[in-house]
Amino acid sequence: MNRDLQTVWKECLAMIKDIVQKDSYKTWFEPIVPVKLEGSLLTIMVPTLFYYEYLESHFIRELSTTIRKVLGPDACLEYNILMDQDVNKPVVMVQPSVDRTNTQNPPKQIQIDFDKSESEIHNPFVFPGIKKINIESNLNENYSFDNFIVGECNRVAYQAGLAIAKNPGRTSFNPMFIFSPTGMGKTHIAQAIGLETKKHHPELTVLYVNAEQFIMQFMASCRNNNSKTNSRNDFVHFYQMMDVLIVDDIQFMAGKNATQEAFFHIFNHLQQAGKQLIFTCDKPPAELKEMEQRLISRFKWGLSVEMSMPDVDTRCNILKRKAYSEGVDLPDEVVSYVAEHIKTNIREMEGFLISLVAQSSLNKKAINVNLAKQMVERFVNSSNREITINYIINVVCDEMGTSQTDFFTSSRKRNVVQARQLSMYFAKKYTKLSLNVIGEQCGGKDHATVIHAIKAVTNMLETDKQFKILSENIERNFQ
């Protein structure tokens, strides 16, 4: 029996009223205007894009259940967004798929198809000419908890990771946001959680992906998108099928607005479905630049945990484990010397061990403290080594994520200017160079510019807490 639009919408509202709170119903459902009913496709009008996003974030399950009950299992929902007139904005993708159609007469339309066969979805991990990656996990078996050394620097992340692996998506640690400077073991523990989850729940789909790979896949889906393939929708569908999604180096999504838009809807779908999300980053959520605030707020929903440089005892244990895995008999005095003199990050410490073993093998020298001292003097920026202005510039640019190409131009971007000023400040503090030479080495500036930079940094250290923390992190490389 055919029913008219108003009757169908009244039935929907009656059901929704029974399953949502009264205030939510009045705020988010009473203002909706039914627009059109064509078979099992219902079109409704909402006032703004934010209004649509809020419905999609908080009430998609209630909407889908209700509309299916009223219109049948093949029901689809289409939104008209009254206030959103920008037809050139990148495609919005929502759960489980969205096809935004640019019409000649706004408002915009966003159609939600509640069902799509998984077999029809394009796999973004398959590229022509590239070997197919194991979609079951994409995890490295070497990054397990068995190979992870626990210390005070990472104990919270470790314990939370074990809890997640036993009950993914069902703890308060969802999402889990792990942050630290590079080389502290974020990737290791994130993948270890994935591997441990597979042990406890082999039936679950666990996927690890680096943010750069995610971005490239999304860009490829945009290039290939057309009415026949719907690659962008397939891209989102694919990630929405995961039970545990691990995204490494999430900071690389900064400034990628279209990618963030797609990721926002993937996040929402997985979160609402009780799936586990794990992210790693080089800084806490609050310090992420060029990242949408709605994503930053979601990163803060669960557990944010910092991993710091291990203490000497933990570094010794890490070196012993690394030596054991490499089949190297490392004397205790060498372990202690290396652990005490390499304080930058774990990755550099392990790399130094490999170099030490190579030097011993190639030059037929025993691995002892004397050889370790020679290697430290040659390759490690210890306190006995002269700190050059080039080294200072490299460290500052690396810590601030600033391109050295920009550093030596006349760019007036804030991060570039601050990188120059900090380099000048530390060059004055840690080298014996004149102000003229410092200015010349920092992009051809004069001594007056160097004086101004030193004063500016000094003032910022006294008034800006975040800037002071950044400066202290940089300065650790020179001490």
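Higher on the page you've got the structure.
Right, let's walk through the structure included here. Nothing here was measured: the structure is a model prediction, and the numbers come from that model.

1. Some thoughts on the pattern of salt bridges
This structure, assessed with the given rule, holds 9 salt bridges. Among the salt bridges present, the one from Lys199 reaches Glu196, with a minimum N-O distance of 3.8 Å. In this pair, Lys199 and Glu196 both sit in helix H6 (residues 186–200), 3 residues apart, roughly one turn of the helix. With relative accessibility at 55%, the residue Lys199 sits in the exposed group. Taken together, the shared-partner salt bridges in this structure form one network comprising Glu261, Glu292 and Arg294.

2. Digging into the nonpolar core
Counting residues in hydrophobic clusters, the biggest one holds 31 residues, and the most contacted among them are Leu245, Phe263 and Phe299. Contributions of two or more residues to this core are made by strand E6 (176–179), strand E7 (206–210), helix H7 (211–224), helix H8 (231–240), strand E8 (244–248), helix H9 (257–272), strand E9 (276–281) and helix H10 (293–299). Sorting elements by how many residues they give to this core places H9 first, with 6 residues. Residue contacts for Leu245: discarding those within four places in its chain leaves Leu207, Val209, Tyr239, Ile266, Leu270, Gln276, Leu277 and Ile278. The next biggest cluster of nonpolar side chains, apart from the first, holds 26 residues, and it includes Cys12, Leu55, Ile67 and Ile81.

3. Concerning unusual backbone geometry
Here the residue pair Asn174 and Pro175 is connected by a cis peptide bond, since its omega of 5° sits within 30 degrees of zero. If you trace the backbone, Pro175 turns up in the loop between helix H5 (155–166) and E6. Even without a glycine there, the phi angle at Asn138 is positive, about 60°. Looking at the element boundaries, Asn138 is found in the loop between strand E5 (108–113) and H5.

4. Quick notes on the environment of Ala323
Relative to the helices and strands, Ala323 is located in helix H11 (residues 312–325). Considered as a pair, Ala323 and Glu350 are 27 residues apart in the sequence and their alpha carbons are 8.9 Å apart. In this view, Ala323 contacts Val328, Leu330 and Leu353; residues no more than four positions away in its chain are not counted.

What counts and what doesn't
Residues numbered from 1 in each chain as written. Predicted model: local features only at pLDDT ≥ 70, side-chain atom pairs only at ≥ 80, totals over all residues. Heavy atoms only, no water. Salt bridge = Lys/Arg side-chain N within 4 Å of Asp/Glu carboxyl O. Helix = DSSP H or I, 4+ residues; strand = E, 2+ residues; numbered from the N terminus. Buried < 20%, exposed > 50% of the residue type's maximum accessible area, 1.4 Å probe, protein only. Core = buried A, V, L, I, M, F, W, Y, C linked by side-chain atoms within 4.5 Å. Contact = heavy atoms within 4.5 Å.

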